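Overview (structure and organization)
Each chain is listed here by its residues.
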Amino acid sequence: MLRLESVSKSYKHRGRMVNALDNVSLEIEKGEFVSIMGPSGSGKSTFLLVLGGMLAPSRGKVHLGGVSVYDLPLSERAELRRKRLGFLFQSYNLVPYLTALENVQVPLLLAGMPAEKQRARAGELLDRVGLADRLDHKPSELSGGQQQRVALARMLANDPEIILADEPTGNLDPETSTMILEFLQSLHREGRTILMVTHDPRASAYAHKSLRLAEGRISSNGAHLAAEAHRKSRPGSPV
């Protein structure tokens, strides 16, 4: 489903060349839940942006479902992201002057959905993440965990088949982190493909396969134990 073919990404930082990705080749199959681990500054966010069609590699190809992402015109690449990819960020990226409901409506508005259907869909998604009583609250009126749940609802608005999560629990307390990770697992059980970058081994344990990014190169940490995966996948209320 997702394939990187000899991908490199270099940039200048304080006068020196940095190789954030160095000749990376990788395949991620449909329905996998994969974590990418590595220390801060190892290139994890760069990797996710390249994979998600938002940052062109210096060399190499990125394929999504057989399509070479960076060979598409910008408009078609944006449409591909809108229809197939969902993004979840550590910093939530909510619009501060919009309510929770309005933030979730944004991708639906961009997709051309009628306003009444936008509100109904956004309300359903916020109810799913446990925020039915916070529809009219702005981000400043919500806790960090609540803001991340709004971001989750917004990410789901266009029903993406692939979720790219960048340190989704990095700003959260342990209890709220567990809620978010269990919610991601519930989305995985629905058949979605999830790729999550994290520096936290506890978060990585929720994935079924772990890779490591260091010095621009990907290496395998191996699959997690089946018993651990089964324990983490137990049914329950995700949020």
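All of the points below concern the structure found in this document. (Residues numbered from 1 in each chain as written. Predicted model: local features only at pLDDT ≥ 70, side-chain atom pairs only at ≥ 80, totals over all residues. Heavy atoms only, no water.)

**Overview of the nonpolar core**
This is how it is decided: The definition of a nonpolar core used throughout is a set of buried Ala, Val, Leu, Ile, Met, Phe, Trp, Tyr and Cys residues joined through side-chain atoms within 4.5 Å. The buried label applies to any residue whose accessible area, calculated with a 1.4 Å probe on protein chains only, is under 20% of its type's maximum; exposed applies above 50%, and partly exposed to all values in between. Labels follow the DSSP assignment, with helices taken as runs of H or I lasting at least four residues and strands as runs of E lasting at least two, numbered in each case from the N terminus. We call two residues in contact whenever any of their non-hydrogen atoms come within 4.5 Å of each other.
Residues L126, V150, L152, L184 and L187 are the most contacted members of the largest nonpolar core, which totals 34 residues. Those elements that place two or more of their residues in this core are α3 (100-110), α4 (115-128), α5 (144-156), β7 (162-166), α6 (174-189) and β8 (193-198). No other element matches the 6 residues that α5 contributes to this core. Setting aside its immediate chain neighbours within four residues, L184 contacts F33, L88, L152, I163, P168, I194 and M196.

**With respect to empty space enclosed by the protein**
What counts here: Both cavities and pockets are sets of points on a 1 Å grid over the protein atoms alone; in a cavity a 1.4 Å probe fits but cannot get out, in a pocket the set is open with protein on both sides within 12 Å along at least five of seven lines, and lining residues sit with an atom within 4 Å of a point. Grid points are joined across faces, edges and corners, and a volume is the space filled by probe spheres set on the points. When residues are grouped by polarity, Ala, Val, Leu, Ile, Met, Phe, Trp, Tyr, Cys and Pro land in nonpolar, Asp, Glu, Lys and Arg in charged, and all others, Gly among them, in polar.
On inspection of all chains with the given rule, the structure shows 1 cavity of 30 Å³ or more. Reported here for the largest cavity is a volume of approximately 40 Å³. Forming the walls of the largest cavity are L2, L51, G52, G53, V62, L64, V69, L80, R81 and L85. Among the secondary structure elements, those contributing two or more residues to the lining of the largest cavity are β4 (59-64) and α2 (74-84). Grouping the amino acids of the lining of the largest cavity by side-chain chemistry returns 7 nonpolar, 2 polar and 1 charged.

**Let's talk about the pairing of strand β2 (residues 16-28)**
Convention followed: The pairing criterion is simple: DSSP has to find at least two bridges between the two strands.
As judged from the 9 bridges shared by strand β1 (residues 2-13) and β2, these two strands associate in the antiparallel manner. Within the sheet, the bridge partner assigned to R3 lies in β2 and is E27. Between the end of β1 and the start of β2, which pair antiparallel, lie 2 residues, with R14 showing a positive phi angle near 55 degrees.

**Digging into the pattern of salt bridges**
As a reminder, the rule being used: Any carboxyl oxygen of Asp or Glu that lies within 4 Å of a side-chain nitrogen of Lys or Arg is treated as forming a salt bridge with it.
Under the counting rule described, the total for this entry stands at 12 salt bridges. In this structure, E79 engages R82 in a salt bridge whose closest nitrogen and oxygen atoms are separated by 2.8 Å. Within this pair, E79 and its partner R82 are both found in helix α2, separated by 3 residues, close to a single helical turn. Ionic pairing is found between E161 and R84, a salt bridge with its closest N-O pair at 2.8 Å. Of this pair, E161 sits in the loop between α5 and β7 while R84 sits in helix α2, and the two are 77 residues apart along the sequence.

**Remarks on the sheet that holds β1**
We count it as follows: Every angle, taken between N-to-C directions, lies between 0 and 180 degrees, and every axis is a line fitted to C-alpha atoms, over only the stretch in contact when it is a helix.
Sheet architecture is open: 4 strands sit in the order β2-β1-β4-β5, paired in antiparallel fashion. For this open sheet the edge positions go to β2 and β5 (67-68), each flanked by a neighbour on one side alone. Strand contacts of helix α1 (residues 44-51): β1, β2 and β4, with the helix running at about 55 degrees to β2, the strand carrying the most contacts.

**Here's the deal with the layout of surface pockets**
Here the largest pocket is characterised by a volume of approximately 520 Å³. Together, 19 residues line the largest pocket, and L85, F87, P107, R154 and N158 are the ones closest to its centre. Its residues assigned to classes, the lining of the largest pocket comprises 12 nonpolar, 4 polar and 3 charged.

**Description of the packing of aromatic side chains**
Let me state the cut-off plainly: Working definition: rings of Phe, Tyr and Trp (its six-membered ring) pair if their centres are within 6.5 Å, and the pair is stacked with planes under 30 degrees apart, edge-to-face with planes over 60 apart, and tilted otherwise.
Following the criterion strictly, the structure yields 1 aromatic pair and no others. Judged by centre distance (6.2 Å) and plane angle (5 degrees), the rings of F87 and F89 are stacked.

**Details of the packing of α3 against α5**
Formally: For this classification, under 35 degrees means roughly parallel, over 145 means roughly antiparallel, 65 to 115 means roughly perpendicular, and everything else is oblique. In this scheme, a crossing is called left-handed if the near helix is turned counterclockwise away from the far one by less than a right angle; it is called right-handed if the turn is clockwise.
The N-to-C vectors of α3 and α5 enclose an angle of 30 degrees; their axes lie 8 Å apart at closest approach. When the interaxial angle is binned, α3 and α5 end up roughly parallel. The hand of the α3/α5 crossing is right-handed. Packed against α3, whose contacting residues are A100, N103, V104 and P107, the element α5 presents V150, A153 and R154 at the interface. Tallied by class, the residues present in the contact of α3 with α5 amount to 5 nonpolar, 1 polar and 1 charged.

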